[in-house]
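# Structure at a glance
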Amino acid sequence: MSVLMSVLKKKELPFVILTIVGLFFILAYYFPLPLLASVEKELRGWVIIMGIFLNLLGVVSLTIKEYGIIRKRLAGWESSAWFLVVLIITVVVFFYAGSSGKDPFYTYFDTLFTPLDTGMYSLLTFMVIAAFFRVFRVRSWESFLLVASLVFVMLMNAPVGEAMWSGFPAIGQWITTVPAMGASRASEICIALGGIILMMRIILGLEKRIM
Amino acid sequence: MGAISALPELVGRAAEMGRPIHFTSGRVGMTSFSAGTSAAPTIAALLVLGELSKIGAEPGVSIIATTGEAEVLPVAEEIVISAVTAAGHPEMKPDVRFLSNQLRSYISGCMGIISREKVAGNVVIGMIGMESLYLLDAGLDVGAMQIGGSASDSNAPWFVCAADYFLIGEEIIATAAYLGGDPTVVGSVAGEDVVKIIIMAIMMVGSILVTAGMPWLTELLKN
């Protein structure tokens, strides 16, 4: 048992599993053979199950952490206590409701969560205008370009822009469809490539910091 | 990339001021792999958190990491523990806080921490959406040095305007690679650049061929 535990605790084992499964998925993608496809389908089911367990792990870790804060009476322990109370109520209400119908879980959700969320949203909406003016300042050459583009795009969308000068919609349209679109596509391609490289590093065990 | 050399500067500033650094990787978890873009920036951001913790361990700078995904919490804690242990300070405890996976609550939580703790630095890296504006504004409010970057190109403008050092798109992943200093990992980024040049060449040749009425390359790649 102790030998098994020492093997399980080692970092190499997860890396070996990760590498085998990762390379298998790549193989199954490029060689769509029936046998590989059926194993891949099975493994994808496992991914969903493991994803659910990962969520559960997050909730359990969070509960242990918040409980520790309450027990030690650290700063803000009241918030942790409130968090645990709400968590327990939500879980109990959900399990009580089951799949019998909408109530009482949806009543709980619609009457408590939605109004609170809407209230928070309205507060933040007012704040976004002030934040926009504070953040969008010309602090560098790049930010000047952004603000200049913003003026043209804003006047393209606002009817007053065309009334002021017919060139505003044309310039705004050009900014949106040519440089902005080109830069956006380039950024998307690069981030996808970067993501592939990062995942390959993890699959091949080169990125050890994540484990 | 200025952000790489800015991290020690940020830690030094926090140590001098005796204030913590706020770090967030956003609200995206580690199980979302749509188009290979969603989870990768979060993982890269967590690697940056590890390096930041390692740099901050020596002067004893407190790093408050926040997340909007419960599943990120244990991973982030483990990364911080590994980083501070590697830096020779296993006694330092990770301060990773889950706020909420609801956008508004997450924003309010982050802003509250930035404001209450009067952070010396604000690091916002990952797949950051519209929350970036609020978080950067809160950082400006307390005079924090800000380093940020989002893989979402529609939110990059906020970082350009408000952050002292910004990363655009794939630079987040490259930063995570460079910070580790592992030659093999850095080599993979250099290899990626070669792939980019090849892709750009194919795109240019493809565009010229299509314009000349010969779409065979486009058809070949479609298949």
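Keep in mind the model is a prediction, meaning the values are calculated, not measured.

## Re the overall build of chain B
- What chain B contains, in helices and strands, is nine helices and six strands.
- The C-alpha radius of gyration computed for chain B amounts to 19 Å, which stays within 12% of the reference 17 Å derived for 223 residues, consistent with globular compactness.
- Across its three principal axes, chain B shows a C-alpha extent of roughly 65 × 40 × 30 Å.
- Every one of the 223 residues in chain B was classed for burial, and the buried ones make up 52%.
- Within chain B, counting contacts between residues at least 6 apart in sequence, those at least 24 apart form 66% of the total.

## Details of the overall build of chain A
- Along the backbone of chain A there are nine helices and zero strands.
- Mapped from its N terminus to its C terminus, chain A presents α and β elements in the order α-α-α-α-α-α-α-α-α.
- Judged by the C-alpha coordinates and their principal axes, chain A covers about 80 × 50 × 40 Å.
- Residues classed as buried in chain A amount to 9% of the 211 residues present.

## Thoughts on the sheet that holds strand 5 (residues 145–150) of chain B
Residues and elements named next belong to chain B.
- On the basis of which strands lie adjacent, the open sheet formed by six strands has the order 3-2-1-4-5-6 and parallel pairing. Strands with a single pairing partner mark the edges of an open sheet, and in this sheet they are strand 3 (95–98) and strand 6 (165–168). For this sheet the average axis-to-axis angle between neighbouring strands, irrespective of direction, equals 15°.
- As defined by bridge partners, strand 1 (residues 21–24) adjoins strand 4 (residues 121–126) across four bridges and the pair is classed as parallel. Paired with His-22 across the two strands is Asn-122, which belongs to strand 4.
- On the sheet, helix 1 (residues 2–17) packs against strand 1, strand 4, strand 5 and strand 6 and is oriented at approximately 145° with respect to strand 5.

## Quick word on the nonpolar core
Residue and element names in this part refer to chain B.
- Core analysis: the largest hydrophobic core is formed by 78 residues, its most contacted members being Ile-21, Ala-44, Val-48, Leu-49 and Ala-76.
- Looking at this core, the element that brings in the most residues is helix 2 (residues 39–57), giving 10 residues.
- Among all residues touching Ala-76, those that are not within four sequence positions of it are Leu-46, Leu-49, Ala-65, Thr-67 and Val-96.

## Section: the domain arrangement of chain A
- Split by domain assignment, chain A resolves into domain 1 (10–97), domain 2 (98–135) and domain 3 (138–204).
- Each of domain 2 of chain A and domain 3 of chain A was reduced to a C-alpha centroid, and the two centroids are 30 Å apart.

## Focus on the confidence of the model for chain A
- Confidence along chain A averages 83 in pLDDT terms, with 91% of residues attaining 70 or more.
- Mean pLDDT per element in chain A: helix 1 (residues 2–9) of chain A is the minimum at 64, and helix 8 (residues 167–177) of chain A is the maximum at 90.

## Points about the packing of helix 7 (residues 171–180) of chain B against helix 8 (residues 183–211) of chain B
Residues and elements named next belong to chain B.
- Where helix 7 contacts helix 8, the two axes come as close as 7 Å, and the packing angle between them is 150°. Regarding the angle of helix 7 to helix 8, the classification is roughly antiparallel. With respect to the hand of their crossing, helix 7 and helix 8 are arranged in left-handed fashion. Residues Ala-174, Ala-177, Tyr-178 and Gly-180 of helix 7 form the contact with helix 8, whose participating residues are Val-185, Val-186, Ser-188 and Val-189.
- Tallied by class, the residues present in the contact of helix 7 with helix 8 amount to six nonpolar, two polar and no charged.

## Side note on helix 7 of chain B
All names here are of chain B.
- Of all 10 residues in helix 7, eight are buried, a share of seventy percent or more.
- Within the span of helix 7, buried status applies to Glu-171, Ile-172, Ile-173, Ala-174, Thr-175, Ala-176, Ala-177 and Leu-179.
- Taken from the residues just after helix 7, Gly-181 is the one with a positive phi, measuring 75°.

## Here we look at the environment of Ala170(A)
- In this structure, Ala170(A) sits in helix 8.
- Residue Ala170(A) is classed as partly exposed on the basis of its 13 C-beta neighbours within 10 Å.

## What about the confidence of the model for chain B?
- Taken over all residues, the pLDDT of chain B has a mean of 87, while the share at 70 or more is 96%.
- When pLDDT is averaged over each helix and strand of chain B, the minimum, 81, is found for helix 7 of chain B and the maximum, 96, for strand 1 of chain B.

## Let's talk about the domain arrangement of chain B
- Looking at chain B, the domain boundaries give domain 1 (2–181) and domain 2 (183–223).
- Each partner contributes to the interface: domain 1 of chain B provides four residues, whereas domain 2 of chain B provides four residues.

## Some points on unusual backbone geometry
Residue and element names in this part refer to chain A.
- Positive phi is not limited to glycine here, since Arg-73 has a value of about 50°.
- Along the chain, Arg-73 falls in the loop between helix 3 (34–71) and helix 4 (77–97).
- For Arg-73, a count of 8 C-beta atoms within 10 Å puts it in the exposed group.

## Focus on the environment of Phe136(A)
All names here are of chain A.
- With respect to the element layout, Phe-136 can be found in the loop between helix 5 (105–135) and helix 6 (141–157).
- Residue classification places Phe-136 among the partly exposed positions, given that 18 C-beta atoms sit within 10 Å.
- With 57 residues separating them in the primary sequence, Phe-136 and Ser-79 have C-alpha atoms 34 Å apart.

Each value, and the rule that gives it
- Residues numbered from 1 in each chain as written.
- Chains lettered and ligands numbered in written order.
- Predicted model: local features only at pLDDT ≥ 70, side-chain atom pairs only at ≥ 80, totals over all residues.
- Helix = DSSP H or I, 4+ residues; strand = E, 2+ residues; numbered from the N terminus.
- Rg over C-alpha atoms; globule rule 2.2 N^0.38 Å.
- Buried ≥ 20, exposed ≤ 12 C-beta atoms within 10 Å, placed from the backbone.
- Contact = placed C-beta atoms within 7 Å.
- Pairing = 2+ DSSP bridges.
- Axes fitted to C-alpha atoms, helices over the stretch in contact; angles between N-to-C directions.
- Core = buried A, V, L, I, M, F, W, Y, C linked by C-beta atoms within 7 Å.
- Domains from an automatic or database assignment.
- pLDDT = per-residue confidence, 0-100.
- Parallel < 35°, antiparallel > 145°, perpendicular 65-115°, else oblique.
- Left-handed = near helix turned anticlockwise from the far one by under 90°.
- Nonpolar A, V, L, I, M, F, W, Y, C, P; charged D, E, K, R; others polar.

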